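Each chain, letter by letter, is given below.
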Amino acid sequence: MMFKKTFLIVGVLMMLFGACSPTSTQKSDNDIEGKVDALLKEMTLEEKIGQMSQVDPGVFGTPEELKAAIKNGEIGSLLNVFGAENVNELQRTAIEESRMGIPLIIGRDVIHGYRTIFPIPLGMAASWNEDLVRESAAIAAREAASMGINWTFAPMIDVSRDPRWGRIAESAGEDPLLNSMVARAMVQGYQGDDLSDPATIAACAKHYIGYGAAEGGRDYNTTIIPDIYLHNIYMPPFREAVNAGAATVMTAFNDINGIPATGHERNNRQILKNELGFDGFVVSDWASIEEMIAHGYAADGKHAAELALNAAVDMEMSSRTYVNNLEQLLEEGKVKQEWIDDAVRRILRVKFRLGLFDNPYVDVELAEKVLVTDEHLEVAEKLAEESVVLLKNDNNTLPLKKGTKVALVGPLADQPYEQLGTWIFDGDENDSETVLEAFNAYNGENNVAFAEGLAYSRDKSEKGFRDAERAINQSDVVVLVVGEESILSGEAKTLAELKFPGKQNELIELAASKGKPVVMVVMAGRPTGLRQTQDFADAVLYAWHPGTMAGPAIANLVFGEAVPSGKLPVTFPKGEGQVPVYYAHKMSGRPASEENWTHIDEIPVHAVQHSLGNTNHSLDYGFTPLYPFGFGLSYTTFEYSDMNLSSETMTQNDELTITATIKNSGKVTGTEVVQLYTRDLVAFYTRPVRELKDYKRVTLQPGESVQVEFTIGADEIGFYLPDGTYTIEPGDFHVWVAPNAAEGLQNEFEVVE
Ligand code: NOJ
C-alpha cells in the first residue's frame, strides 16, 4: 500500500506570536506578573496552600469557623455564597483581617443565565446563533456580578453523543465545531473585553476532559478515549475556549483509559498548560481530587493530593486534601515547591485580571437595577424562540391562526419552574411566563381551553384525563406540552430508556384519538420520547427547556409571529438501543444503504446465514436515526442549487471558496442555517463520513435568493494524529453545502502537494 505524504503544522502560530511587538494587554500582564511575584515572595507556605483551596460555606462549618479560616489565610476561594452583603463581608475579612489581604474569588454555577434564565445550553446550541449565545452569557455575567460573583463554572463544552446522559442538557451536543462555537461565544460573553470590568466574570471551561464519553451514558462513569478521538473530538472546544481567553478550566470526574482526569498529568500539564498555552488556573471538580481514592487510583487523601498537584490541578474544590497534606508532601519531597508556586501564581494572576485587588466589593444596590430587566427578558425570548426546532409539520398544521379554538393540554403547559431546566440555582419561577399565560394573552382566554391532564411529567394517574378530553372536545386544535420536568435532566440524571415519563404517552394517544390536529411541544433536557409518540402528532416543536420566556417564545412560534429556525445540535436516535448514533460516524467496511439493509421482518424463516444484507445496521432500526444532526424545518422552504468551488484542487497552504445558491421557495420570510461539511476519503486513519466545518445563517424573504459563500483553509480540513500533531493529507475530499447532515449538494476537490 502506498502511503501518502503527510504535512505537519506544528507550533507555527506559537512562533508567530513570539514575534509580535508588546501590546497594552501584554504591558498590563507584565505589570500583573510583577505584582504576583511580589506577593509570592511575602507569602508563607500555609498561605500559598490556602490560596489553592476553595470551600462551600454550607459544607465547611459554622460561619465563625469559616471566618477564622479566611482570616488565617487558609481559603482562597468560595463557591455558593449567596447575597452581595454576604460576599462583601467575607471579602472584608479576607482583605482586612488576613495577613496578606488577598481577596477571595467567588464562584457559582451560572450555566444558562443567573436570574434571567435562557434556554439550556443544548437549546442555545440549537439556535446556531453565536451572537445571541454571547449576549446571553454577557447578561448572565452582569446579573451574577451584581451579586458579588466573580467566576462562573461555565461553559460546559463536553462533546456528548449519548442522550441517556443527563448532562447532555448542559453541553452543545455531539459536534466539536458547535461546542467550539458555544465555548468561544460564552467565554467572550462572560469575560467581555476586559475582565476587570465589574460587569464581567471569569469563565471556566469544563469538564476537562472526556466527561461526555461516560460509558453507557451513566454519569461519572469511566471513559475509553483513543488519543486520536481525544484530539479531534473532545479537545477542539477546549482549544477554542483557551484561545478565547478562558480564565480557568475545571477537571472532570471521569477517568480516561484508566487515569482520572484530575490526576492526568499529560492531559493537564503537558497538553493544556504547555501545548495549548493556557495561563489561567485549573480547578478540580467538586471533591474530584479526593474521589481518586474511590477510583482506585490514590491510596488515601495524601496520595490523592500528590497526584493532583503533579497533574497540574491548581485549586481544590470542596475536599481538603491540599490543605491537609501539601506541607508534608513537600517536606517528603513528593511534590515540588515550583508546582505550588506555579499554582498560586496562576490563581493570583486571575484575581489580578479580575481587578479584585483594586475593586473587591460590590455595590449592594446594583442587583435591583440589573436583574431580569426588560432588555434581558427580550434576549431570553429571542434565544428561546431561535432554540426551538420544528421537526414535523404535516399539512402545514403550524402556524395556527390567531383566534383558533385551542385545547392547551399537558403537564408542562403551565409549570413556571419546570420550563427553566437544570442548573438554575438563582432562577426564580416567579419571573417565568408560561405557555398558558402567553396563549391567553395572545389568543384570548376564550379561545384557550386549558387542562394539564397530568399534574407533572412523571404523574401516573389518569385522573386529569377527563378534563383534558373536555378541553379537546370544545376546541379545533390540540397543543400538547409534554416532556421532562427540570429535575430529570442534568447532573446524575441518567436514563436507560428514552421515553416520556409517567402517563404522557397515553395522554398523547387520547389527544390524537379525537381526530383534531395535534401539535406537540416538547420541553426536555435531551432527545427523548418521539419514537413512541410522534406519529400521533401532526406537528412537533422541540423546545428543550426554554427558560424564563418559554411561554412567549412558544406562543410566537405556534401562532406564526416567529418562524422556527433552530436545527438539531444532536442526532435523535430511534431508541436507546441505537445509541451511540451520530452523524460523524465512520463508514466501516460494510456501509449500509437503502438497497442493502434487511429489516427483521424481511428475513425468510430458515434463511441461510450470510444470505442477506450483511451491512452495518440493526435489523429493527435500520441504519438511519430518527432525525439527523443539523435537521430543522421552517414555515417556509429553502432550495439549494448551483454549488461551485473556486478550484478543483488546493495545496496545504491554500484556501478554497465554496458557493451555493439558497432560495426561499415558500411564502414567509425565514432563516436557514446553511451547513458546510467535508469528508477526507482516504487517510492514514479512517475519517468520519462527514464533518461540520462551518455554517451560515441566512434570512430570506419569500422568493429571495442569496449566494452563500464559505472559505475553508487547508488547516481546517486536516486532523490531529494520536500524538497531537496536525496533518493535512493530500488526496480527494467530498464537500457538501447542506440543510442537515444527511442531505445537501455535493462536490469534490483534491488536496495536492
Ligand atoms: C459538580 C459539577 O460537576 C460541576 O459542573 C459544578 O460546577 C460543580 N459541581 C460545582 O457546583
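In what follows, the accompanying structure is described.

**As for the overall build of the chain**
Right, on to step 1. The helix and strand inventory of the chain stands at 22 helices and 27 strands.
Right, on to step 2. For the chain, whose C-alpha radius of gyration is 27 Å, the value lies close to the compact-globule estimate of 27 Å for 753 residues.
Right, on to step 3. Reported as C-alpha extents along the three principal axes, the dimensions of the chain are approximately 75 × 70 × 55 Å.
Right, on to step 4. Burial statistics for the chain: of 753 residues in total, 59% are counted as buried.

**Focus: the nonpolar core**
Right, on to step 1. Within the largest apolar cluster, 163 residues are counted, with the highest numbers of intra-cluster contacts made by Y322, L391, L480, M520, L530, W544 and F572.
Right, on to step 2. If sequence neighbours within four positions are ignored, L530 has contacts with L391, F500, M520, V522, V540, Y542, F572, L626 and Y627.
Right, on to step 3. With 31 residues, the next largest nonpolar core counts A438, A550, I554 and A555 among its residues.

**Here we look at the packing of helix 8 (residues 130–145) against helix 17 (residues 374–387)**
Right, on to step 1. Their axes nearest at 10 Å, the elements helix 8 and helix 17 cross at an angle of 145°. In terms of crossing hand, the pair formed by helix 8 and helix 17 is left-handed. Every residue of helix 17 that contacts helix 8 at L132, E135, S136, I139, R142 and E143 is listed here: E375, H376, V379, K382, L383 and E386.
Right, on to step 2. Looking at the contact of helix 8 with helix 17 residue by residue, the class counts come to four nonpolar, two polar and six charged.

**Description of the environment of F253**
Right, on to step 1. Mapped onto the fold, F253 is located in the loop between strand 7 (248–251) and strand 8 (255–256).
Right, on to step 2. F253 sits 45 residues away from Y208 along the chain, and the two C-alpha atoms are 8.9 Å apart.

**Some points on the sheet that holds strand 2 (residues 53–55)**
Right, on to step 1. The strand order across the open sheet built from five strands is 5-4-3-2-11, with neighbouring strands paired in parallel fashion. Two strands lie at the open edges of the sheet, namely strand 5 (151–152) and strand 11 (316–317), each paired on one side alone.
Right, on to step 2. Inspection of the sheet shows strand 2 paired to strand 3 (residues 77–79) by two bridges, in the parallel sense. Following the sheet pairing, Q54 is matched in strand 3 by S77.

**Some details on the environment of W544**
Right, on to step 1. Take W544: it is sitting in the loop between strand 17 (539–542) and helix 22 (550–558).
Right, on to step 2. It is 33 Å that separates the C-alpha atoms of W544 and V55, two residues lying 489 residues apart in sequence.

**Things to note about the packing of aromatic side chains**
Aromatic rings considered in pairs are described by the distance between their centres and by the relative angle of their planes.
Right, on to step 1. The tally for this structure, following the rule as stated, stands at 22 aromatic pairs.
Right, on to step 2. Geometrically, the ring pair formed by F352 and F357 is stacked, given 3.8 Å between the ring centres and 10° between the ring planes.
Right, on to step 3. For F352, a relative accessible area of 14% puts it in the buried group.
Right, on to step 4. Take F357: its relative accessible area is 26%, and that puts it in the partly exposed class.
Right, on to step 5. With 5.1 Å between their ring centres and 65° between their planes, F439 and F559 make a pair best called edge-to-face. On the criterion of sequence distance, the pair formed by F439 in helix 18 (residues 435–443) and F559 in the loop between helix 22 and strand 18 (638–645) is long-range, its members being 120 residues apart. With respect to class, F439 is no different from F559; both count as buried.

**Observations concerning the site of the ligand**
Right, on to step 1. In the vicinity of the ligand, 13 residues are found, and the nearest of them are D109, R167, K206, H207 and D285.
Right, on to step 2. Here an oxygen atom of the ligand and a side-chain polar atom of D109 are 2.4 Å apart.
Right, on to step 3. In the environment of the ligand, an oxygen atom lies 2.7 Å from a nitrogen or oxygen atom belonging to the side chain of K206.
Right, on to step 4. When the ligand sits alone it has 300 Å² of accessible area, and the protein chains cover 95% of it.
Right, on to step 5. Its residues placed into classes, the shell around the ligand shows seven nonpolar, one polar and five charged.

**Some words on the environment of K369**
Right, on to step 1. Structurally, K369 is set in helix 16 (residues 366–370).
Right, on to step 2. Taking relative accessible area as the criterion, K369 reaches 55% and is therefore assigned exposed.
Right, on to step 3. Residues K369 and S146, 223 residues apart in the sequence, show an inter-C-alpha distance of 8.9 Å.

The rules we used
Residues numbered from 1 in each chain as written. Predicted model: local features only at pLDDT ≥ 70, side-chain atom pairs only at ≥ 80, totals over all residues. Heavy atoms only, no water. Helix = DSSP H or I, 4+ residues; strand = E, 2+ residues; numbered from the N terminus. Rg over C-alpha atoms; globule rule 2.2 N^0.38 Å. Buried < 20%, exposed > 50% of the residue type's maximum accessible area, 1.4 Å probe, protein only. Core = buried A, V, L, I, M, F, W, Y, C linked by side-chain atoms within 4.5 Å. Contact = heavy atoms within 4.5 Å. Axes fitted to C-alpha atoms, helices over the stretch in contact; angles between N-to-C directions. Left-handed = near helix turned anticlockwise from the far one by under 90°. Nonpolar A, V, L, I, M, F, W, Y, C, P; charged D, E, K, R; others polar. Pairing = 2+ DSSP bridges. Phe/Tyr/Trp six-rings, centres within 6.5 Å; stacked < 30°, edge-to-face > 60°. Near = heavy atom within 4 Å. Polar contact = N/O pair within 3.5 Å; in protein donor to acceptor, adjacent residues only side chain to side chain. Areas by Shrake-Rupley, 256 points an atom, 1.4 Å probe, with all protein chains shown as cover.

Purely geometric stuff here, so don't read any function into it on its own.
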